[in-house]
Every structure is written in C-alpha cells, then in structure tokens.
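# Structural characterization, general
Next come the chains, spelled out residue by residue.
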Amino acid sequence: MSTGELPKEQYRSIITTYFQAFGTRDFAPVQFSSNIQFLSPISGNTMKGREDVVKFVSGVSTRVSKVNVLSTAIDFPTASGVWQMTTTKGVLYTLHNFFRLDGEGILYIWPMFDPKAVMNDPPGLLAWLTGKGY
C-alpha cells in the first residue's frame with residue numbers, strides 16, 4: 001500500500017455506497033475525492049467537482065427504484081463494478097463503471113451500459129438519463 005492509499009475493503013465499501021446511493025437517493029455518504037470527475041454517458045463531457053457530479057447523479061437517482069450490485073474489483077489506483085438499476089418504469093439497465101481512486105476516495109467515474117437494454121429503446125435511455133420526457 002502506497003502513501004495515501006486506503007485499504008482495499010474500504011474502497012470496495014466506498015464504491016458499493018456510491019452504487020447504493022442511486023437507490024437511496026442520498027449521495028452525502030459517498031466518499032468522493034475533492035478532485036472528482038465523471039464522464040457523462042450522454043455527452044461524453046467530463047463533469048468536474050462534487051457539486052456538478054452529485055447534481056447529475058442525484059437527478060438520475062430520482063428515476064431509480066432498485067439497485068443490485070453484482071461485483072466490484074479493486075486494483076488501486078483503479079477499480080470497477082458491475083451493477084444493475086431498475087428504473088421507476090421497470091426497465092433494468094446493467095452497467096459497468098470504471099473508477100480511478102485516490103487517498104480520498106473516488107477520483108473518476110466512467111459508466112458504461114450493457115447495450116442490450118439500450119438497443120431495445122434508445123430514446124427511453126436518453127429520456128431516463130436526462131429526465132426530459134420521462
């Protein structure tokens with residue numbers, strides 16, 4: 001473990017807390033780095049800073065009814081997790097998130113969707129992510 005690195009199980013807990021926050025709609029307990037960045041799955045733009053990241057994920061979470069964490073893998077300074085979200089309209093999305101970590105917690109998030117559910121209803125995914133017309 002290098003200087004500033006947290007124990008592996010603590011990172012696993014941080015990532016699980018992040019995933020679960022979509023179900024609880026409470027991102028306050030999520031341990032984001034002060035330099036958090038989030039690559040938008042819609043625009044490809046990178047959001048920077050806790051305020052912008054939490055604003056986006058909090059908005060998405062209002063359209064989530066259930067979260068199921070399938071797996072997490074930690075290999076500091078990176079990690080990944082596979083999880084599922086059920087939307088408030090009953091659509092199941094499976095996601096893989098790539099993370100970069102630092103001594104504070106989650107430094108970078110890159111979410112990727114399993115294309116099967118996306119291909120069934122591309123406009124539905126965009127409406128769900130943006131909240132427009134959902």
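Residues numbered from 1 in each chain as written. Predicted model: local features only at pLDDT ≥ 70, side-chain atom pairs only at ≥ 80, totals over all residues. Heavy atoms only, no water.

### Here's the deal with the overall build of the protein chain
Helices and strands together make up the secondary structure of the protein chain, namely four helices and six strands. When the helices and strands of the protein chain are listed from N to C terminus, the series reads α-β-β-α-β-β-β-β-α-α. The principal-axis extents of the C-alpha atoms in the protein chain amount to approximately 45 × 25 × 25 Å. Counting over 134 residues, the protein chain shows a buried share of 41%. For the protein chain, restricting intrachain contacts to residue pairs at least 6 apart in sequence, the fraction spanning at least 24 positions comes to 48%. On the protein chain, roughly 6,900 Å² of surface is accessible, and the fraction owed to carbon and sulfur atoms is 54%. (Helix = DSSP H or I, 4+ residues; strand = E, 2+ residues; numbered from the N terminus. Buried < 20%, exposed > 50% of the residue type's maximum accessible area, 1.4 Å probe, protein only. Contact = heavy atoms within 4.5 Å. Areas by Shrake-Rupley, 256 points an atom, 1.4 Å probe, with all protein chains shown as cover.)

### Thoughts on the environment of Thr 72
Among the secondary structure elements, Thr 72 is positioned in strand β3 (residues 64–75). The buried category is assigned to Thr 72, whose relative accessible area is 18%. It is 7.7 Å that separates the C-alpha atoms of Thr 72 and Ile 15, two residues lying 57 residues apart in sequence. Those residues in contact with Thr 72 that lie beyond four places of it in its chain are Arg 12, Ile 15, Thr 16, Phe 19, Ser 80 and Gly 81. Within the local environment of Thr 72, its side chain forms a polar contact with the side chain of Arg 12, the two groups lying 2.9 Å apart. (Polar contact = N/O pair within 3.5 Å; in protein donor to acceptor, adjacent residues only side chain to side chain.)

### Some points on the sheet that holds strand β2 (residues 46–48)
In space, the six strands of this open sheet follow the order β2-β1-β6-β5-β4-β3, with mixed pairing throughout. Both edges of this open sheet fall to β2 and β3, since each of them pairs with a single strand only. Taken over all neighbouring pairs, the strand axes of this sheet differ in orientation by 20° on average, direction set aside. As paired elements, strand β1 (residues 32–39) and strand β6 (residues 105–113) share three bridges and run parallel to each other. Residue Gln 37 lies in a different strand from β6, and its bridge partner there is Tyr 108. Strands in contact with helix α1 (residues 8–24) are β1, β3, β4 (78–87), β5 (92–102) and β6; relative to β3, the strand with the most contacts, it is inclined by about 160°. (Pairing = 2+ DSSP bridges. Axes fitted to C-alpha atoms, helices over the stretch in contact; angles between N-to-C directions.)

### Concerning the pairing of β3
In this structure, β3 lies alongside β4, joined through ten bridges in antiparallel fashion. Its bridge partner lying in β4, Ile 74 is registered against Ala 79.

### So, the packing of aromatic side chains
Aromatic rings in a pair are described by how distant their centres are and how their planes are angled relative to each other. Summed over the entire model, instances satisfying the criterion amount to 15 aromatic pairs. Considering the side-chain rings of Phe 19 and Trp 83, the 4.4 Å spacing of their centres and the 20° angle between planes classify their relative orientation as stacked. Of the two residues, Phe 19 sits in helix α1 while Trp 83 sits in strand β4, which places them 64 residues apart along the sequence. Like Phe 19, the residue Trp 83 is buried in the burial classification. Here Phe 19 and Phe 99 contribute two aromatic rings whose centre-to-centre distance is 5.8 Å and whose plane-to-plane angle is 55°, an arrangement assigned as tilted. Here Phe 99 lies in strand β5 and Phe 19 lies in helix α1, a separation of 80 residues in the sequence. The same class applies to Phe 19 and to Phe 99, which are both buried. In this structure, Lys 89 is placed above the aromatic ring of Tyr 134, and the distance from its NZ or CZ to the ring centre is 4.3 Å. (Phe/Tyr/Trp six-rings, centres within 6.5 Å; stacked < 30°, edge-to-face > 60°. Lys NZ or Arg CZ within 6 Å of the ring centre and 35° of its normal.)

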